[in-house]
Amino acid sequence: MGDVINLNRFRKAPAKAERAHEADANRAKFGRTAVEKARDDADAARRKALLDGVKREE
């Protein structure tokens, strides 16, 4: 005889995998430290200042 499988577990597996993928994305997006957030803000400000510095006046 074959092995007994739980069909509910088999049916729910794709949804569980999708939730795990979404949780990983949220951890990457929201799970940053204050230092990482400050560094990203400083980088964005530096890039904006660099672009504004080379902008032509019209």
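Going by the structure above, here's the rest.
This one's a predicted model, so the numbers in the text were calculated from it and none came from an experiment.

Quick notes on the rules
Residues numbered from 1 in each chain as written. Predicted model: local features only at pLDDT ≥ 70, side-chain atom pairs only at ≥ 80, totals over all residues. Heavy atoms only, no water. Patch = residues over 30% accessible without salt bridge, like charges linked within 9 Å, V, L, I, M, F, W, Y side chains within 5 Å. Areas by Shrake-Rupley, 256 points an atom, 1.4 Å probe, with all protein chains shown as cover. Salt bridge = Lys/Arg side-chain N within 4 Å of Asp/Glu carboxyl O. Lys, Arg positive; Asp, Glu negative; His and termini not counted. Charge placed at Lys NZ, Arg CZ, Asp CG, Glu CD. Helix = DSSP H or I, 4+ residues; strand = E, 2+ residues; numbered from the N terminus. Expected span 1.5 Å × (residues − 1). Bend = angle between axes of the 7 residues up to and from the residue. Buried < 20%, exposed > 50% of the residue type's maximum accessible area, 1.4 Å probe, protein only. Polar contact = N/O pair within 3.5 Å; in protein donor to acceptor, adjacent residues only side chain to side chain.

## Topic: a positive patch on the surface
- A cluster of basic residues, Arg 9, Arg 11, Lys 12, Lys 16 and Arg 19, forms a positive patch on the protein surface.
- Within the secondary structure, Lys 16 is located in helix H1 (residues 7–30).

## Thoughts on H1
- The first and last C-alpha atoms of H1 sit 35 Å apart over 24 residues, in line with the 34 Å expected at 1.5 Å per residue.
- At Ala 13, H1 shows its largest kink, close to 40 degrees, and the proline Pro 14 lies no more than four residues downstream.
- The element H1 is barely covered by neighbouring structure, given that only 0 of its 24 residues are classed as buried.
- Here H1 starts with a cap whose side-chain oxygen sits 3.0 Å from the backbone nitrogen of Asn 8, and that cap is Asn 6.

## Here we look at the environment of Ile 5
- Mapped onto the elements, Ile 5 comes out in the segment before H1.
- Classification of Ile 5 by relative accessible area gives exposed; the value is 58%.
- Each C-alpha atom of the pair Ile 5 and Asp 52 lies 63 Å from the other, and the pair is 47 residues apart in sequence.

## Here we look at the pattern of salt bridges
- Enumeration over the complete set of coordinates arrives at 4 salt bridges.
- In this structure, Asp 40 engages Arg 32 in a salt bridge whose closest nitrogen and oxygen atoms are separated by 2.2 Å.
- Residue Asp 40 is classed as partly exposed on the basis of its relative accessible area, which comes to 29%.
- By relative accessible area, which is 31% here, Arg 32 ends up partly exposed.
- Notably, a salt bridge pairs Arg 39 with Asp 40, separated by 4.0 Å at the nearest N-O pair.

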